[in-house]
Amino acid sequence: MKTIITFFFITLSALGFSQEKINVILIGTYHFNNPGFDAGKVKERNILEQSNQSNLNQITQKITNTYRPDKVFVESPYEDRENLNKMYALYKQGKAYYKADTLKNNFQKRMLSENEIFQFGFRLAREAGNQKIYSMDYESQMNIGALKSKLSLNPSLTYSDFESKVKQLSDFMNSCISESSLQKTFKCLNSEKQYSLNKGLYITYFNKINKAPDFYGSQLVADWYKRNLIMYSYIQNQIEKEDKNIVIIVGAGHAAMMYDFIKNDPQFNLIEVKNIF
């Protein structure tokens, strides 16, 4: 009997401790509108197709029913957060949040109609009853354009090595995007293998292209870390003491970085995608 009582209090203590932390659901995703900005080219998966829309509804309902997030963070510029919330306010009311007839090119149309900020972030925030949506993106310059000219700093590396690593990553990403459901796609994109391939490109390749005085490779890696750290700080500084559950929807490359940040931040309890769907 004494053993049972002791076990009860240990369990209760553990539960109490976990409840002091904010649950963070980190969802790394491909960009639904496929803007083509990344070095690796990914496949198209039409998010507007009925099956994908159905999957999105199932995913948002699952997250909401289980966690009902207090805040949803999306990869939208922090400096433009007020405009994003004006759009979200219209979306919540079932109104058009952008004027399609005023858009000048297909890129803008696809961005506003298909991007995960709107298709997933807006949908989830509305389903959870959130009054606001939270921006956390930060743009920084990374001098990828100088890569070929800097390779002479390390004769053991070639541009073909870079292309090979990018292809390995993009092939894996495409295998994720080709999964039969979005649930399986998200599990794949948030797997240990994706995180390892993404971070490995910076550590095992770029960081070797290095020589005084500019230390090109390490500066490139540092710029990538800096961007992600600033994005993460925007999340940290928009958290309130009443928050119990938050969701971060971000590109898979950013998720690979933020996974480590969250795991080492004692205020957060990471909820992994594989444990949700």
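Higher on the page you've got the structure.
Residues numbered from 1 in each chain as written. Predicted model: local features only at pLDDT ≥ 70, side-chain atom pairs only at ≥ 80, totals over all residues. Heavy atoms only, no water.

A. View of the sheet that holds strand E3 (residues 134–137). The five strands are arranged E3-E2-E4-E1-E5 in an open sheet whose pairing can be described as parallel. In the strand order of this sheet, the two ends are held by E3 and strand E5 (268–271), each with one partner. Along the sheet, successive strands turn relative to each other by an average axial angle of 35 degrees, direction set aside. Across four bridges, strand E2 (residues 71–77) lies against strand E4 (residues 245–251) in parallel orientation. In the sheet register, Val74 faces E4, and the bridge partner there is Ile249. (Pairing = 2+ DSSP bridges. Helix = DSSP H or I, 4+ residues; strand = E, 2+ residues; numbered from the N terminus. Axes fitted to C-alpha atoms, helices over the stretch in contact; angles between N-to-C directions.)

B. Spatial organisation of the packing of aromatic side chains. Applying the stated criterion across every chain yields a total of 20 aromatic pairs. Relative to Phe32, the ring of Tyr30 has its centre 5.0 Å away and its plane inclined at 50 degrees; by these criteria the two rings are tilted. For Tyr30, a relative accessible area of 3% translates into the label buried. Here Phe32 falls in the buried class, since its relative accessible area comes to 1%. Ring geometry for Phe162 against Phe206: centres 5.7 Å apart, planes inclined by 50 degrees, an arrangement best described as tilted. One end of the pair, Phe162, is in helix H7 (residues 159–177); the other, Phe206, is in the loop between helix H9 (192–204) and helix H10 (216–236), and 44 residues separate them in sequence. Grouping residues by exposure puts Phe162 and Phe206 together as buried. Every member of this aromatic cluster is reached through a ring pair, and the members are Tyr88, Tyr91, Tyr97, Tyr98, Phe118 and Phe122. The ring of Tyr78 carries the charged tip of Arg81 above its face, separated from the ring centre by 4.0 Å. The aromatic ring of Tyr159 is capped on one face by Lys148, whose charged end is 4.6 Å from the ring centroid. (Phe/Tyr/Trp six-rings, centres within 6.5 Å; stacked < 30°, edge-to-face > 60°. Buried < 20%, exposed > 50% of the residue type's maximum accessible area, 1.4 Å probe, protein only. Lys NZ or Arg CZ within 6 Å of the ring centre and 35° of its normal.)

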